Amino acid sequence: MAEVKLIGAWFSPFSRRVEMALKLKGVEYEYIEEDLSNKSPLLLKYNPIHKKVPVLLHNGKPIAESSIIIEYIDETWEGPSILPKDPYERAMARFWVKFIDEKCTVPMWKACSSPGEEGEKAKEEAAQLLKFVEEEIKDKKFFGGDNIGLVDISANFIGYWFGIIQELMGVELLTKEKYPNLCEWIDGYINHSFVKDNLPPKDKMTEVFKAFTQPGYSGYKPKV
Amino acid sequence: MADEVILLDTDFSIFGMRVRVALAEKGIEYEYREEDLANKSPLLLEMNPVHKKIPVLIHNKKPICESLIIVQYIDEVWKDKSPLLPSDPYQRAQSRFWADFIDKKMYMPGRKILWTPKGEEKEAGKKEFIESLKLLEGVLGEKPYFGGEDFGYVDVALITFYSWFYAYETIGEFSIEQHCPKLMEWAKRCMERESVSKSLADPHKICDTVLMLRKKHGVE
């Protein structure tokens, strides 16, 4: 029986982050795909509070919430460090992950999916917030420095998913003109060996996003 | 060389109080600076340009923002005294999970209780708030603290809400003791610690301020 299991969803950036972290550390694991429109007894047992993926099971013990799982992986297994060692740098890494996840993602998503004025307002808000991220990546190859680290792994929505939604919906938010450093990071990121094998295929993601925007769609949709 | 530690905060902030408790647990000397959020200081805007919020800890001129990130930083830097996070990685993950739960499932429902007029939204806030507290009471179980035998990270994350309980109860018209007696026992146990009793703001002053602001903004 596998010592490490991951309950995930192939299209979820949160799930893919954990896979990236596991692979960086060379951890062997059993992957269990979850149908989020019909949640399994397994998921409900191991994440009764939030009922979401990803959930890591290590020797039968569950850990939920991607950023918490990634810190756990970093602390438990040897291999390249995901978080910096210095407490101040660790605090900064945690800060940027929280900022990107809690502040940037929703307006970015709404900029592409909300109609009319709501979409325009979201676009303006996202544009302002992304300036901070642009500033942060300015003089660095990766957020983690020379190598990918916690922030790079966690910024995968900006790094990959958003580009697909943006293109599909014809929105020009994250462009080379406005965010040259962030776009350069994206190029390096999606070609990085540990990242590119952990991204869902673009055509399949495009189909998923198309489905989200269809009227009468009744399957799983991320809550935004 | 002595550490220079400055805390930018406001006296009633649930989040700021967490940092005060953590600093007191570790016996760290620091300079407290009260911010006027209607007139933010240049220092606050410089040290937290992204959110422009308190609390901000400035340690040897370097800023750290977001209360739980600050508490973890304090625990990692001043690691030789009163550890707040457990040493076992799995227990640490559980502590982080519950602190994250507290942030996600208590603050906003609490705001609904205090700042919305009588009606559905307020009642929904109350329901979620009580449910969250009950869940946390279950997590506490028979332990003296969320940290087990010792006061820890989750205790820090939650205890500061205690100073706002009187306001929630008064304005929400409910009794937290009635729903969660064991949690109230835990809160009183925490208040016996000087680090907590000296860091938490006066519940009656908080309630008076909320009532005054509600009246000012015409919230019924």
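Sequence positions are assigned chain by chain, starting from 1 and proceeding in written order. To label them, take the chains in the order written and letter them from A, then take the ligands in the order written and number them from 1. Only residues with pLDDT of at least 70 get local features here, since the model is predicted, and only at 80 or more are side-chain atom pairs given and counted; chain-wide, interface and lining totals rely on the full set of residues. Computation of side-chain values: all heavy atoms of the structure, hydrogens and water removed.

*Asks:* Could you give an account of the overall build of chain B, naming the residues involved and the relevant values?
*Replies:* Across its full length, chain B carries 12 helices and four strands. Every radius of gyration here is taken over C-alpha atoms, with the globule rule written as 2.2 Å times N^0.38, N being the number of residues. Taken over the C-alpha trace, chain B has a radius of gyration of 17 Å; the compact-globule value for 220 residues is 17 Å, and the two agree within 12%. Principal-axis analysis of the C-alpha atoms places the extent of chain B at approximately 55 × 45 × 30 Å. Residue exposure (1.4 Å probe, protein chains only): buried if accessible area is under 20% of the type maximum, exposed if over 50%, otherwise partly exposed. Scored against the burial criterion, the 220 residues of chain B give a buried share of 55%. The contacts of chain B with a sequence gap of at least 6 include a subset with a gap of at least 24, amounting to 68%. To qualify as a helix, a DSSP run of H or I must reach at least 4 residues; to qualify as a strand, a run of E must reach at least 2; elements of each kind are numbered from the N terminus. In this analysis, two residues are considered to be in contact whenever any of their non-hydrogen atoms come within 4.5 Å of each other.

*Asks:* Outline the pairing of strand β3 (residues 55–58) of chain A, listing residues and values.
*Replies:* Residue and element names in this part refer to chain A. The two faces of β3 match: Val-55 and Leu-57 on one face and Leu-56 and His-58 on the other face are all buried. Taken together, the four bridges between strand β1 (residues 4–8) and β3 define a ladder with antiparallel strand orientation. Among the inter-strand pairings, Lys-5 is bridged to a residue of β3, identified as Leu-57. Only strands that DSSP links by at least two bridges are regarded as paired with each other. Two strands pair when backbone bridges link them, and β3 and strand β4 (residues 61–64) are joined in this way by four bridges, in the antiparallel orientation. In the sheet register, Leu-57 faces β4, and the bridge partner there is Pro-62. Turn length for the β3-β4 hairpin, with the two strands adjacent in sequence and antiparallel, is two residues, and the turn residue Asn-59 shows positive phi of about 50 degrees.

*Asks:* So what about the environment of B:Phe12? Which residues, and what values?
*Replies:* Residue and element names in this part refer to chain B. The topology assignment puts Phe-12 in the loop between β1 (5–9) and α1 (14–25). For Phe-12 and Trp-186, which are 174 residues apart along the polypeptide, the C-alpha to C-alpha distance reads 21 Å. Not counting chain neighbours up to four residues away, the residues in contact with Phe-12 comprise Met-17, Arg-20, Trp-164, Ala-201, Lys-205, Ile-206 and Thr-209.

*Asks:* So what about the sheet that holds β3(A)? Which residues, and what values?
*Replies:* The pairing of strands in a sheet comes from backbone hydrogen bonds and takes either a parallel or an antiparallel form. Residue and element names in this part refer to chain A. An order of β2-β1-β3-β4 is seen for the four strands of this open sheet, with the pairing classed as mixed. Edge positions in the sheet fall to β2 (30–33) and β4, since each has one partner strand and no second. Pairwise comparison of adjacent strand axes, ignoring direction, gives a mean angle of 20 degrees for this sheet. Where β1 lies against β2, four bridges are found, and the strand directions are parallel. Bridge pairing in β2 links Ile-7 to Ile-32. Axis definition: a line fitted to C-alpha atoms, limited for helices to the stretch in contact. Angles are taken between N-to-C directions and run from 0 to 180 degrees. In the packing of helix α1 (residues 13–24) onto the sheet, contacts are made with β1, β2 and β3, and the angle to β1 comes to roughly 155 degrees.

*Asks:* An account of the UniProt feature "domain: GST N-terminal" (unreviewed entry) in chain B is needed here, citing residue identities and associated values.
*Replies:* The UniProt record annotates "domain: GST N-terminal" (unreviewed entry) at residues 3–82 of chain B. Secondary structure within residues 3–82 of chain B divides into 36% helix and 21% strand; the distance between the first and last C-alpha atoms comes to 18 Å. UniProt positions are given in the numbering used here, feature names are shortened, and annotations may be inferred rather than shown by experiment.

*Asks:* Give a description of the environment of B:Ile206 that names residues and reports values.
*Replies:* Residue and element names in this part refer to chain B. Inspection of the secondary structure assignment puts Ile-206 in helix α12 (residues 203–216). Separated by 40 residues in the primary sequence, Ile-206 and Tyr-166 have C-alpha atoms spaced 8.3 Å apart. Apart from residues no more than four positions distant in its own chain, Ile-206 is found in contact with Phe-12, Met-17, Ser-163, Trp-164, Ala-167 and Ala-201.

*Asks:* Outline helix α3 (residues 66–76) of chain A, listing residues and values.
*Replies:* For α3(A), a buried count of eight out of 11 residues is recorded, marking the element as mostly surrounded by other parts of the structure. Turning to α3(A), its buried residues are A:Ser66, A:Ile68, A:Ile69, A:Ile70, A:Glu71, A:Tyr72, A:Ile73 and A:Asp74. Where α3(A) is buried, its residues touch α1, β3, β4, α4 (87–113) and α6 (150–154) of chain A together with α4 (89–105) of chain B.

*Asks:* An account of the pattern of salt bridges is needed here, citing residue identities and associated values.
*Replies:* By definition here, a salt bridge exists when the distance from a side-chain nitrogen of Lys or Arg to a carboxyl oxygen of Asp or Glu is within 4 Å. In the structure shown here, the tally under the stated rule is 30 salt bridges over all chains. Of the charged contacts in the structure, one is a salt bridge between A:Glu118 and A:Lys110, with a shortest N-O distance of 4.0 Å. The class of A:Lys110 is partly exposed, set by a relative accessible area of 26%. Put simply, B:Glu194 and B:Lys198 hold a salt bridge, and the shortest N to O gap is 3.7 Å. Each member of the pair, B:Glu194 as well as B:Lys198, carries the same accessibility label: exposed. It is possible to trace a salt-bridge network through shared partners that takes in A:Glu71, A:Glu75, A:Arg90, A:Arg94, B:Glu76, B:Arg92 and B:Arg96.

*Asks:* So what's going on with a positive patch on the surface? Which residues, and what values?
*Replies:* Patch definition: residues above 30% relative accessible area lacking any salt bridge, with like charges linked at up to 9 Å and the nonpolar side chains Val, Leu, Ile, Met, Phe, Trp and Tyr linked at up to 5 Å. Per-residue accessibility takes into account occlusion by the displayed protein chains alone, with areas from the Shrake-Rupley method and a 1.4 Å probe. Here the positive residues are Lys and Arg and the negative ones are Asp and Glu; neither His nor the chain ends is included. Where a charge lies is defined by one atom per residue type, namely NZ (Lys), CZ (Arg), CG (Asp) and CD (Glu). A contiguous patch of positive charge on the surface is contributed by A:Lys103, B:Lys40, B:Lys52 and B:Lys53. As for its position among the elements, A:Lys103 is in helix α4.

*Asks:* Could you give an account of the confidence of the model for chain B, with specific residues and numbers?
*Replies:* Per-residue confidence from the predictor is reported as pLDDT, a score between 0 and 100. With 100% of its residues at a pLDDT of at least 70, chain B reaches an overall mean of 97. Taken together, the chains of this predicted complex give a pTM of 0.96 and an interface ipTM of 0.96.

*Asks:* Outline the sheet that holds strand β4 (residues 62–65) of chain B, supporting the account with residue identities and numerical values.
*Replies:* Residues and elements named next belong to chain B. Read across the sheet, four strands follow the order β2-β1-β3-β4 without closing on themselves; strand pairing throughout is mixed. If you trace the sheet from one side to the other, it starts and ends with β2 (31–34) and β4, each paired once. For this sheet, the mean angle separating the axes of adjacent strands, direction not counted, is 20 degrees.

*Asks:* Could you give an account of the interface of chain A and chain B, naming the residues involved and the relevant values?
*Replies:* The interface is formed by 24 residues belonging to chain A together with 28 residues belonging to chain B. The interface formed by chain A and chain B includes seven salt bridges. Two residues, A:Arg90 and B:Glu76, come together in a salt bridge whose shortest N-O distance is 2.9 Å. Residues adjacent in sequence count toward polar contacts only when both atoms are side-chain atoms; beyond that, a polar contact is any pair of N or O atoms within 3.5 Å, and within protein one must be able to donate a hydrogen and the other to accept it. The interface formed by chain A and chain B holds 10 residue pairs in polar contact (both at pLDDT 80 or more) in total. Of all the secondary-structure elements, those providing two or more residues to the side of chain A that touches chain B are β4, α3 and α4 of chain A. Take the side of chain A that touches chain B: its biggest share by element is 11 residues, from α4(A). Taken together, the residues of the side of chain A that touches chain B sort by class into 14 nonpolar, two polar and eight charged. Each residue is assigned to one of three groups, with Ala, Val, Leu, Ile, Met, Phe, Trp, Tyr, Cys and Pro labelled nonpolar, Asp, Glu, Lys and Arg labelled charged, and all others, Gly among them, labelled polar.

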